[in-house]
Amino acid sequence: MNSIKHSLRTVRKNQSQGVIGDFLSWWWLELCALRPTAWGSNPAQSSNLIFQLEDDQLVVRFQSQEGNEVLGHYSLTDESVDGEAALADKIRLLQKQQPVQQILLPSDWIAILPVTLPAAAKDNLEQVLRFEMDRQTPFKPADVYFDYSIVEQDRLQGDIQLDLAVVPRKRLEDLFSAVKRLGGTPGLMDVCTGQGDETLGYNLMPSGHGPERRPMFAGLNGILAGVALLLFIVALAIPPIQLYESRETLREQVSKARQVANKVAALRADYQAQVDSLQNLLGSGEQRPSNLQILDEVARLLPDDTWLSNLDLDPQGLKLQGESEGASRLISLIESSELFNQTTFTSPVTQNRRTGKEAFSMSTRLNHSQGQKQHD
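Residues numbered from 1 in each chain as written. Predicted model: local features only at pLDDT ≥ 70, side-chain atom pairs only at ≥ 80, totals over all residues. Heavy atoms only, no water.

> Any chance you could explain the overall build of the chain here in plain terms?
When helices and strands are counted, the chain shows 11 helices and 13 strands. Taking all contacts inside the chain whose residues are at least 6 apart in sequence as the whole, residues at least 24 apart take part in 61%. Approximately 23,100 Å² of the chain is accessible, and the part contributed by carbon and sulfur atoms is 53%. (Helix = DSSP H or I, 4+ residues; strand = E, 2+ residues; numbered from the N terminus. Contact = heavy atoms within 4.5 Å. Areas by Shrake-Rupley, 256 points an atom, 1.4 Å probe, with all protein chains shown as cover.)

Here is the structure:
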């Protein structure tokens, strides 16, 4: 059942009970899972209250040993939802049975990415993934909810292969608001595979959105606190050699964490070096002056008594055709610009009897190095 499969993840993420409370909660759920059927219904598997997202509709289902009952539908886009109060009343009544509440998302709402981490990150996978989030995904850690599952660990290199599941926080705002309005307090959020009630086994539920639960065996908290205090006093009296061993263990843990941080920093530096190299490569190709520069220079050089009937621009240069009162002087005018060189007439200059001007056709080449200098 989903409740047993996610019990350890739920305790880890959504119950602020401390180390002892987390252990007792997990132990109780596992013990309930082993309870014989003859003793009655299993409280860890008795019922599930499911909020499943289908398109823009939130389908609320109650799953128990007697069957699977659809309680109602809630629209995430229509603010005036009919039957909202009735659906909220049903959920409130069913919560007395303490069902396992969970949200099921469609598979296209999340992204699952393969990630490889060094073996030294094994004891702090969640912290390392949070630190690596903006490198592995387009998001910052504060912009997503995420969970992971370990695929395998390379025995030779020690690298850990895992799948990272992420969903943007902003996309879930309307969903969380709808569940809250209906009075739901889910502690699990998984992804539906589309085959019945099968899920991928993640728990994407963020801290603070789960149910507010009273720690199990709350009556033992005073006794456990007293025992913890007694153990603390005893720990203060341990021999100096045991203190030395504890200090060495702590140093080893700090060293491992530093190794992980150094590897992450090296990866970041390598990534930045590749980005800088690519930018330099792209920048080196920007040697040709822009079309706007060329047109502006031509307009500046040609005198007012000259007009153009045709201008062809290509990567190597441009061709000009038109009429002028003194076509022979155009070559020297164009050559005076640092953008152009090798300016020549491509055909003889002729006299237009109707306008009294000289018709010309010439070509010039672009000076790329000067174009880059002006661009800089």
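> Quick question: what am I supposed to make of the sheet that holds strand β6 (residues 144-153) here?
Remark on secondary structure: sheet strands pair via backbone hydrogen bonds, oriented parallel or antiparallel. Strand order in the open sheet formed by 3 strands is β5-β7-β6, with antiparallel pairing between adjacent strands. The sheet is open, and its two edges are formed by β5 (111-117) and β6, each paired on a single side. Within this sheet the neighbouring strands show an average axis-to-axis angle of 25°, counted without direction. Across 7 bridges, the pairing between β5 and strand β7 (residues 160-168) is antiparallel. By the bridge assignment for β7, Val115 is matched with Leu162. Helix-sheet contacts for helix α5 (residues 125-136) involve β5, β6 and β7, and the interaxial angle to β6 is about 110°. (Pairing = 2+ DSSP bridges. Axes fitted to C-alpha atoms, helices over the stretch in contact; angles between N-to-C directions.)

> Help me understand a nonpolar patch on the surface in this model?
Residues Leu229, Phe232, Ile233 and Leu236 make up a contiguous nonpolar surface patch of roughly 440 Å² in combined accessible area. Here Phe232 shows up in helix α7 (residues 221-236). (Patch = residues over 30% accessible without salt bridge, like charges linked within 9 Å, V, L, I, M, F, W, Y side chains within 5 Å. Salt bridge = Lys/Arg side-chain N within 4 Å of Asp/Glu carboxyl O.)

> For this particular structure, what's the right way to read the pairing of strand β9 (residues 307-313)?
Sheet faces and side chains relate simply in a regular strand, where the side chains alternate between the two faces. One ladder, built from 6 bridges, connects β9 with strand β10 (residues 317-324); its direction is antiparallel. Bridge pairing in β10 links Leu313 to Leu318. Hairpin geometry of β9 and β10 is characterised by an intervening segment of 3 residues between the two adjacent antiparallel strands.

> I tried to follow unusual backbone geometry on my own but got confused; where do I start?
Trans peptide bonds make up the majority, and among non-glycine residues the majority have a negative phi. Unlike most non-glycine residues, Gln98 shows phi in positive territory, near 55°. Here Gln342, not a glycine, exhibits a phi torsion of approximately 55°, which is positive. For Gln342, the position within the fold is in strand β11 (residues 340-345). By relative accessible area, Gln342 is classed as exposed at 54%. (Buried < 20%, exposed > 50% of the residue type's maximum accessible area, 1.4 Å probe, protein only.)

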